[in-house]
Each structure stands twice: as C-alpha cells, then as structure tokens.
Amino acid sequence: MSAVKSKRPIVIGLEVHLQLNTSTKLFCSCSTDYIGKTPNTNVCPVCLAIPGTLPIINDRAVALGSRMGLGLHCVIQNYSNFHRKNYFYPDLPKAYQITQYELPIATGGYIDIEIDGVPKRVKIDHLHLEEDAGKLVHPTADGRLTGAAYSLVDYNRGGVPLSEIVSEPDMSSPAEAREYVVRLRQLARYLDVSDGEMESGSLRVDANISLSNADGSLGTRVEIKNMNSLKSIERALEYEISRQNKSLDTGNRIVQETRLWDDAEGVTRSMRNKETASDYRYYPEMDLAPIVITDDEIEKFKSGMPELPWEKRERFARDFGLSKEEVAILTDQKELAKYYEDVVSAGAPPARAANWVRMEVQRVLHEIGCTITNFKVSPSALAELVKKIENKDLSSTVAKEVLDTLAREGISLEDAIKRSGASSSRLTGDALNEVVSKVASANPDVVEVIKSGQDKKGGKLKFLQGLVMKETRGQADAGEAMAALSKKLGL
Ligand SMILES: [Zn+2]
C-alpha cells in the first residue's frame, strides 16, 4: 500500500451503497436482475411512477437491511420510516427518491479494521434503506459514451433496493478507507446481503474528505464519486489529499463541492457544488406505512445470523492452530473457508490442508479461471491427496500434478494418480534398491568419483539422489533414497 504524505491531518468518511440481494425491487414486484436486459423491460407502473400507483415495501429488503445492521453492531430500530428526497434528474421517474432520512432502520454501529497489524475501529453512523435510480446512457455514433448530442434513459435499475451505510469520519488514510470497504464487502458477502461487486455497481462508494486546520478544527469537506474499484478509491483519495494540500499551501480555500474521479486521467474534477439537505426538500413519504420491527423479530434476525468473518478467523486460529496470515487467506471468502473445513473434516491434517488450500488450490483455481464453488476437486478427494503426502505415499511434486489433473478433468483420485505415472504407494525396500542400482550403473563415472573420496561436499551424491527421485517419479522418500544410495556405494 502506498503511503500518502500530508502535512495536515486527513479526515475521511465513507458512504457505501450496497445493492440488497432480493429478487424483486424495493416497492414493486419487478425483477432486480437488470444487467444485460433490454432497456425499460424490468419496469411497471409503480417503478415508473405512474400517477395513482402505490409503493409496497419489500419485506426481504427490510430483513437484509436489518441483518447487515446487526453485522455492523448497529441497533435495529423498532420504528423507522421513509422520506421523499426531491431532485429533478431524468434517471428518476418520480422526480424524487424514496429513502430513509430522519429515522433510519439501523443506527450507531462499528466495524473493526486492521492496517499493518494495527487494529482500528471505524464507527458507523447509520444504515438506511432506499431505492436506486435508473441509468442515463449517452451514446455516440462511434460507440463512445461521452459527447453525445442526446441521452437515453433506462429505468430497469430504478427501484432496486439499496442499503446505504454511512460511517463516521473516522478514517485517516486512503489505505484505511480501502480496508474499511474490503471488510464491509466481506461482511455483506458472509451475510448474503449483497454480492458486493464493485464492477457491476452492487457496491458503490462515495468518499468525504477534508484536511484539518492548524487549530485542529475540521476543514472544508469535499465529496468524491465515481470510484469503481478498490484501487480507484485509494488513488482518488491520494489525488485529493495532494490537491487540497497544494491549494491550501498557495493560500486558496477549499470549496465544498462534489468531484468526480476520472480513472483514466487519474484526477478528480468538480461536478457541482455539494447540495445540502435543504436543497432536497425532504418530506415524509405518506404513501408508505412506517417500518415496524418488533423485539421478537429482531431476536429472530439475531438468531439467524451466521458465523461472522471475525468469529471465523478466531475459531480457525484456535481450532486449527493456524497463523494469522493463513487464517486471513482461508476466511477471505466464506466458500473457501467452508471448503477448507470440509477437507479437514474428511480427515486431512489441518496444517497441511491449510497449506494446500491456500497455495495449490488457489494456484489451480487461478490457472483454470474457476471459483471454489465450481471447483471439480471435492474436499474429500483433496483430503485423500493431502493424507497421501502426509504419509509420504506421494511426493508433493507428484501430488501437485495429480491436483492439476483432478481440477482440469474431474476424474477420480485413483485415475489421476495412475495418469501421473506414480504408484499410489511409496517406493521402498527392494523396489527402491532396484532403482538405485539402475541409476548407479548408468552413471559409472560419478560413482567412481564418490567412491574415490573426491566428492567432499557431497554434491555428486546429491546428484545421484536427484536422479533416483526423478526415476521414482518422486515416489521415494528423499531420506530413504539417500540411505539406499549410501549403502549401495558402500559409504
Ligand atoms: Zn416495477
């Protein structure tokens, strides 16, 4: 992570929009599956705001918002409601957005992050529910999406449920902001609240950043939008820190505004002066009843919570005796964590299984462009393979080949071992001696050098040992091969 320099203390707060994992929109029964769909086909009179229609709240969105709130250690409110946020923009058919304003569904939580081993707690102001807007498309004849003489609007995304998570301004570096988003996304995925994909827009981040004044008071806040990756969050904040420092150094003041991040150019550009709440003329949404969640329902949400990322990390370290680094990789995705646990449950020793899942399984997944959920190697097959390595029935070199075959062809472990040319058991005794004799007679010069005592550093002997290992396709134990060689050569 690049460290950014600033002579003034940095204050960052983030607003994260998460698309909730529902099948229908927040206030109608239109599908939320809008990606790649023909424009304006996932719409109905409600989400198109035809007069006379009424919104009806999606219970699953309420449940998912509550779940995320609990994951963030927030208090779930028994009573919350919706407001109309008025602004005219063509992507909003009603000319207002239905959002929670005064009474959000969840308030006052936190999430713990860690930078270079140093823990930090980032407080959450609140989480609220709101509907997404449609999308404007600006086509041009040559296919570029800028500079068009007209715009098109697609309302397929309009009304899709979002939860907006607003942090306190507790972060003090771009690296912390990035880590916060990483942890938040991991939590959302563990809870099945959202797929958290930044690329497809399921997770969107707006950053508020200011540099403190010499007297410690907060400086003027600038909002940055349009960051589409973790990397771009860091880059945009770094750029903005240096821009604001330069501006203040030359005696200018910072303007409160919204700026757009241009990823290609690596700069932020002024988009508009930042609106204040009064610009939106919020008023209560009278078409919707308040959301009432009873204590019993909150208890039910709590008891339905799965194991959370930090709980899993703690358990893996404790039960499997793994290092912090190993645990971090294995629990990054809950699917990988489950795979690892299944391998251990199938009898593989935890330490070696951790090593294999973390290194070899990840390598193969990367090479064949596959995810752990559609990985062809079952946990029990990997467990058998790991046990064979542990018992020295298979060398790790051969085992890696076997894993490759299993992953690519999905055949049985036995067949994959046969295919590798290795026997499924270790080469010892007479079989090993036979190989040793063969290697010795094929290399009389080397044997002569060793026997005459000229191989002082043992390099020649090691060379022969390597040939034995190669000849046995790694099916001999290196120590046993050396012992058999020494005996053969009368050392
Ligand atoms: Zn609709």
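Keep in mind it's a predicted model, so treat the numbers as computed, not measured.

A.B. asks: Lay out the overall build of the protein chain with the relevant residues and their values.
C.D. replies: Of the regular secondary structure elements, the protein chain holds 15 helices and 16 strands. Counting only C-alpha atoms, the protein chain reaches 95 × 55 × 55 Å along its principal axes. By residue count, 38% of the 491 residues in the protein chain fall in the buried class. Restricting to contacts in the protein chain with at least 6 residues of sequence separation, those with at least 24 account for 69%.

A.B. asks: Break down the packing of helix 13 (residues 444-451) against helix 14 (residues 459-471) for me, with residues and values.
C.D. replies: The contact between helix 13 and helix 14 brings their axes to 9 Å, and the two run at 140°. One finds that helix 13 runs oblique with respect to helix 14. Here helix 13 and helix 14 pass one another in a crossing that is left-handed. Taken together, the residues of helix 14 that come into contact with helix 13 (itself represented by Val446, Val449 and Ile450) are Lys460, Leu461, Phe463 and Leu464. Each residue belonging to the contact of helix 13 with helix 14 can be placed in one class, and the counts come to six nonpolar, no polar and one charged.

A.B. asks: How would you sum up the packing of helix 12 (residues 429-442) against helix 14? Please name residues and give values.
C.D. replies: Where helix 12 contacts helix 14, the axes come no closer than 9 Å and their chain directions differ by 125°. Taken as axis vectors, helix 12 and helix 14 run oblique relative to one another. The two elements helix 12 and helix 14 meet at a crossing, and its hand is right-handed. Note on element contacts: helix 14 touches helix 12 through Leu464, Leu467, Val468 and Glu471, opposite Val435, Val436, Lys438 and Val439. Along the lines of polarity and charge, the residues of the contact of helix 12 with helix 14 split into six nonpolar, no polar and two charged.

A.B. asks: How would you explain the domain arrangement of the protein chain if you had to name every residue and give the values?
C.D. replies: In terms of domains, the protein chain is made up of domain 1 (10-300), domain 2 (307-419) and domain 3 (429-488). Taken residue by residue, the interface counts four residues in domain 2 and four residues in domain 3. Considered class by class, the residues forming the side of domain 2 that touches domain 3 number one nonpolar, two polar and one charged.

A.B. asks: Any details on the pairing of strand 7 (residues 118-131)? Residues and values, ideally.
C.D. replies: Relative to strand 7, strand 6 (residues 106-115) runs antiparallel, the two sharing nine bridges. Residue pairing across strands places Ile113 opposite Lys120, the latter belonging to strand 7. A loop of two residues connects strand 6 with strand 7, the two strands running antiparallel in sequence, and Asp116 in this loop sits at a positive phi of about 50°. Note that strand 7 and strand 10 (residues 161-167) share seven bridges and pair antiparallel. Paired with His126 across the strands is Val166, a residue of strand 10.

A.B. asks: An account of the nonpolar core is requested, with residue identities and associated values reported.
C.D. replies: A general feature of soluble globular proteins is that nonpolar side chains tend to end up buried together. If you look at the biggest cluster of nonpolar residues, it comprises 61 residues, and the most contacted ones within it are Ala177, Tyr180 and Ala207. Residue contributions to this core peak at seven residues, all from helix 2 (residues 174-190). Leave out the neighbours within four places in its chain, and Tyr180 touches Leu14, Ile111, Ile113, Val122, Ser167 and Met171.

A.B. asks: Please provide a residue-by-residue account of helix 1 (residues 59-71), values included.
C.D. replies: With 13 residues, helix 1 should reach 18 Å at 1.5 Å per residue; the first-to-last C-alpha distance of 18 Å fits that figure. A large share of helix 1 lies buried, amounting to ten of its 13 residues. When helix 1 is considered as a whole, its buried residues turn out to be Ala61, Val62, Leu64, Gly65, Ser66, Arg67, Met68, Gly69, Leu70 and Gly71. Two residues or fewer past helix 1, His73 is found with a positive phi of approximately 60°.

A.B. asks: Report on the environment of Val439, specifying residues and quantitative values.
C.D. replies: With respect to the secondary-structure elements, Val439 resides in helix 12. Along the chain, Val439 and Glu471 lie 32 residues apart, while their C-alpha atoms are 8.2 Å from each other. Excluding residues that lie within four positions of it along the chain, Val439 makes contacts with Leu464, Leu467, Val468 and Glu471.

A.B. asks: Which residues make up the pairing of strand 6, and what are the values?
C.D. replies: Both strand 2 (residues 75-76) and strand 6 contribute to a ladder of two bridges, which runs antiparallel. Bridged to Val75 within strand 6 is Thr107.

A.B. asks: Please set out helix 12 residue by residue, giving values where relevant.
C.D. replies: For helix 12, with 14 residues, the first-to-last C-alpha span of 20 Å sits near the 20 Å given by 1.5 Å per residue. Buried-residue contacts for helix 12 involve helix 14 and helix 15 (478-488).

A.B. asks: Can you explain the environment of Asp319? Please cite residues and give values.
C.D. replies: Considering the arrangement of structural elements, one finds Asp319 in helix 5 (residues 309-320). A tally of 11 C-beta atoms within 10 Å means that Asp319 is categorised as exposed. Asp319 sits 261 residues away from Asn58 along the chain, and the two C-alpha atoms are 40 Å apart.

A.B. asks: A description of the environment of Thr371 should follow, citing residues and the corresponding values.
C.D. replies: As for its placement among the helices and strands, Thr371 is situated in the loop between helix 8 (350-368) and helix 9 (379-390). Of the residues examined, Thr371 has 10 C-beta atoms within 10 Å and is grouped as exposed. For the pair Thr371 and Glu335, spaced 36 residues apart in the sequence, the C-alpha separation amounts to 9.3 Å.

A.B. asks: Kindly report on unusual backbone geometry, identifying the contributing residues and their values.
C.D. replies: Non-glycine residue Asn40 carries a positive phi angle of around 60°. Note that Asn40 resides in the loop between strand 1 (10-19) and helix 1. The class of Asn40 is partly exposed, set by 14 C-beta atoms lying within 10 Å. At Asn226, a position not held by glycine, the phi torsion is positive, near 75°. Looking at the secondary structure, you find Asn226 in strand 12 (residues 222-227).

What counts, and where the lines are drawn
Residues numbered from 1 in each chain as written. Predicted model: local features only at pLDDT ≥ 70, side-chain atom pairs only at ≥ 80, totals over all residues. Helix = DSSP H or I, 4+ residues; strand = E, 2+ residues; numbered from the N terminus. Buried ≥ 20, exposed ≤ 12 C-beta atoms within 10 Å, placed from the backbone. Contact = placed C-beta atoms within 7 Å. Axes fitted to C-alpha atoms, helices over the stretch in contact; angles between N-to-C directions. Parallel < 35°, antiparallel > 145°, perpendicular 65-115°, else oblique. Left-handed = near helix turned anticlockwise from the far one by under 90°. Nonpolar A, V, L, I, M, F, W, Y, C, P; charged D, E, K, R; others polar. Domains from an automatic or database assignment. Pairing = 2+ DSSP bridges. Core = buried A, V, L, I, M, F, W, Y, C linked by C-beta atoms within 7 Å. Expected span 1.5 Å × (residues − 1).

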